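One letter stands for each residue in the lines below.
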Amino acid sequence: MSIHFFNSLTRTRELFVPLEEGQVRMYACGPTVYNFAHIGNFRTFVFVDILRRHLKWRGYRLLHVMNLTDVDDKIIRDARAAGLPLREFTEKYVRHFWEDADALGLERPEVAPRATDHIPEMIELIGRLLRCGCAYHSEGSTYFRIASFPRYGVLSGSKLSGNIAGASERVEADEYEKDDVRDFVLWKRTQPGEPTWDSPLGPGRPGWHIECSAMAMKYLGESFDIHCGGVDLMFPHHENEIAQSEGATGKPFVRYWLHAEHLLVNGRKMSKREGNYYTLRDLLERGYAARAVRYVLAAVPYRKPLNFTLAGVEAAERRLKRLNETFRRLREAQTVAGATADDVTTIAQIRAAFGAAMDDDLNTADALAAVAQLETTVNVALAHGTPTESFKTAALAAFDDVQAVLGILDPPEAPLLDATIEALIAERTAARKARDFARADEIRAQLAAQGIILEDGKDGTTRWRRA
Ligand SMILES: [Zn+2]
């Protein structure tokens, strides 16, 4: 196995070698919980999900941390407008975020810490920066001294002074009384009406950047393998994370930085004013399937800009319908003993091509080309009559790969749920035998409501499938 990633830090494609053999530690910047996440955010989260699935599929143990930013300028502004305490306000959007994540089939990170639960860790880290001369107090706030970190700009190539004007609003909002215009805030002094924490730094609240350094190092150690996020976070957020972390520890913070490119909608930047702004629930309310949205977000390799269109989601729905149908027919196919050597070899080649594409910096486009080839091979085999047992086994294993890594197929049938369905079918069969047709119909309706379709055979047996 040889996984390669494009490392934003070195701007080269590199062989992935984790610090500890067999174990990957990774951090992904999570959502700011003041609103529903939009599909641009979810492009990054789907990329992170595919990254984690691929690493696990390749046999690594994984420790994946994703923070929830539950205190910042925008959250405070909107919580105040809603007349709610910070925690109560953010709680709702944390819940909605996980609902959306579940709908998109995102696996949960091993740890999902909230910033406001880690204020002591942030204060401790800022204390270290003060002691080593990387930070200073000014008028009640504490700032990082960029002049103390000569490697500043190593990730983004930004040497700053010229970049500040074009930087995000977060930097602007993070500017107060600094020694140097480039310095960024670590701890903000209390403002009237804002949530505040007592600390040796004075009463105040953390700046945005420090939270990721503090939480990443708490759960993953001072040096770890992968840090990922959207490309818009590269500067200043990730650059500042490097400066804070390495300034405090003197050790390399992260080995591999991975950044997902922008998402456009109909070729333009997504904005509410342009009317091309979508949250996941906007799309679900219009009747689109979450899995088709996932497919669209996954299909373009993460380092290429993705142009999202509703026509693209519709095409993905059709594509997935055909793919799931092939998968179902394969699962249900009768087989004959023996092996068809050619077909089994073809499946082995497809599986190898799929794995190689994903190993190549998560090239999902090439991986999906392998999936299309799998689909064709299976359809041809089924059209030619009863496949052999060895062909069916090999092809099912290939579909398992696709599901494990890309998660685009209909959810696998959970054994427990299957048992429940079969118990209900047995009860219905007994009811029919006892001529209690009302009860039999009731059970059929109950299963239909959950998308389970029953097919009664001539001999009284009942087969079932998911709609
Ligand atoms: Zn972050």
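Residue numbers here run from 1 along each chain, matching the order of that chain's written sequence. Under the rules for a predicted model, residues below a pLDDT of 70 receive no local features and side-chain atom pairs below 80 are neither given nor counted, while totals for whole chains, interfaces and linings still include all residues.

A. Quick look at the overall build of the chain. Across its full length, the chain carries 15 helices and 15 strands. With the principal axes as the frame, the chain shows a C-alpha extent of 85 × 50 × 40 Å. In the chain, buried positions account for 40% of the 467 residues. Secondary structure follows DSSP: runs of H or I at least 4 residues long count as helices, runs of E at least 2 residues long count as strands, and numbering of each begins at the N terminus. Neighbour counting defines burial: a residue surrounded by 20 or more other C-beta atoms within 10 Å of its own C-beta is buried, one with 12 or fewer is exposed, and intermediate counts give partly exposed, using backbone-placed C-beta atoms.

B. Focus on the nonpolar core. The nonpolar core is taken to be a set of buried Ala, Val, Leu, Ile, Met, Phe, Trp, Tyr and Cys residues joined by way of C-beta atoms within 7 Å. In this structure, Val46, Ile126, Phe144 and Leu186 are the most contacted members of the largest nonpolar core, which totals 113 residues. A per-element tally of this core places helix H1 (residues 39-57) first, with nine residues. Marked domain ranges trace back to an automatic or database domain assignment. Formed jointly, this core draws a minimum of three residues from each of two domains, domain 1 (15-269) and domain 2 (319-406). Once you skip the residues sitting within four places of it in the chain, leucine 186 turns out to touch Ile126, Leu129, Ala135, Thr142, Tyr143, Phe144, Gly207 and Ile210. Any two residues are considered in contact once their C-beta atoms, placed from the backbone, lie within 7 Å.

C. Region of the structure containing helix H7 (residues 234-249). Here H7 is 16 residues long and its end C-alpha atoms lie 21 Å apart, about the 22 Å a rise of 1.5 Å per residue gives. Of all 16 residues in H7, 14 are buried, a share of seventy percent or more. To estimate how far a helix should extend, the number of its residues minus one is multiplied by 1.5 Å.

D. Fine view of the packing of helix H12 (residues 364-383) against helix H13 (residues 389-406). Note on geometry: axes are lines fitted to C-alpha atoms, helical ones only across the stretch in contact, with angles between N-to-C directions running from 0 to 180 degrees. Two elements in contact, H12 and H13, have axes separated by 11 Å at closest approach and are oriented at 150°. By the angle between their directions, the pair H12 and H13 is classed as roughly antiparallel. Pair H12 / H13 crosses with left-handed handedness. Residue-level inspection shows Ala367, Val371, Leu374, Val378 and Ala381 of H12 in contact with H13, the latter providing Phe391, Ala395, Ala398, Val402 and Leu406. Roughly parallel means an angle under 35 degrees; roughly antiparallel, over 145; roughly perpendicular, 65 to 115; everything else is oblique. Two helices cross in a left-handed way if the nearer one is turned anticlockwise from the farther one by less than a right angle. They cross in a right-handed way if the turn is clockwise.

E. Layout of the domain arrangement of the chain. Domain boundaries in the chain define domain 1 (15-269), domain 2 (319-406) and domain 3 (415-466). Using only C-alpha atoms to locate each centre, domain 1 and domain 2 end up separated by 40 Å. The interface is formed by five residues belonging to domain 1 together with six residues belonging to domain 2. A breakdown of the residues in the side of domain 1 that touches domain 2 according to their chemical character gives three nonpolar, one polar and one charged. For this classification, the nonpolar set comprises Ala, Val, Leu, Ile, Met, Phe, Trp, Tyr, Cys and Pro, the charged set comprises Asp, Glu, Lys and Arg, and every other residue, Gly included, is treated as polar.

F. Examining unusual backbone geometry more closely. Here phenylalanine 235 and proline 236 are connected by a cis peptide whose omega angle stands at 5°. Mapped onto the elements, proline 236 comes out in helix H7. For arginine 435, which is not glycine, the phi torsion reads 60° and is therefore positive. Along the chain, arginine 435 falls in the loop between helix H14 (415-433) and helix H15 (437-449).

G. Looking closely at the environment of glycine 275. Within the secondary structure, glycine 275 is located in the loop between strand S12 (268-269) and helix H8 (280-285). A count of 9 C-beta atoms within 10 Å places glycine 275 in the exposed class. Residues glycine 275 and isoleucine 75 lie 200 residues apart in sequence; the distance between their C-alpha atoms is 24 Å.

H. A look at the sheet that holds strand S9 (residues 224-230). Note on pairing: two strands pair once DSSP finds at least 2 bridges between them. The strand order S4-S3-S9-S10 describes an open sheet built from four strands, whose pairing is parallel. With one partner strand each, in any of the chains shown, strand S4 (61-66) and strand S10 (254-260) form the two edges of the open sheet. In this sheet, neighbouring strand axes are inclined to one another by 20° on average, regardless of whether the strands run parallel or antiparallel.

I. Structural detail: the pairing of strand S15 (residues 462-466). Sheet topology places strand S14 (residues 452-456) next to S15; five bridges connect them, and they run antiparallel. Across the sheet, glutamate 455 pairs through a bridge with arginine 463, a residue of S15. Between S14 and the antiparallel strand that follows it, S15, lie five residues; glycine 460 among them carries a positive phi value of about 90°.

J. View of the sheet that holds S12. One open sheet accounts for three strands, arranged S12-S11-S13; its pairing is mixed. Where the open sheet ends on each side, the last strands, each with one partner, are S12 and strand S13 (306-308). Direction of pairing for strand S11 (residues 263-265) relative to S13: parallel, over a ladder of three bridges. When the bridges of S13 are listed, leucine 264 appears paired with asparagine 307.

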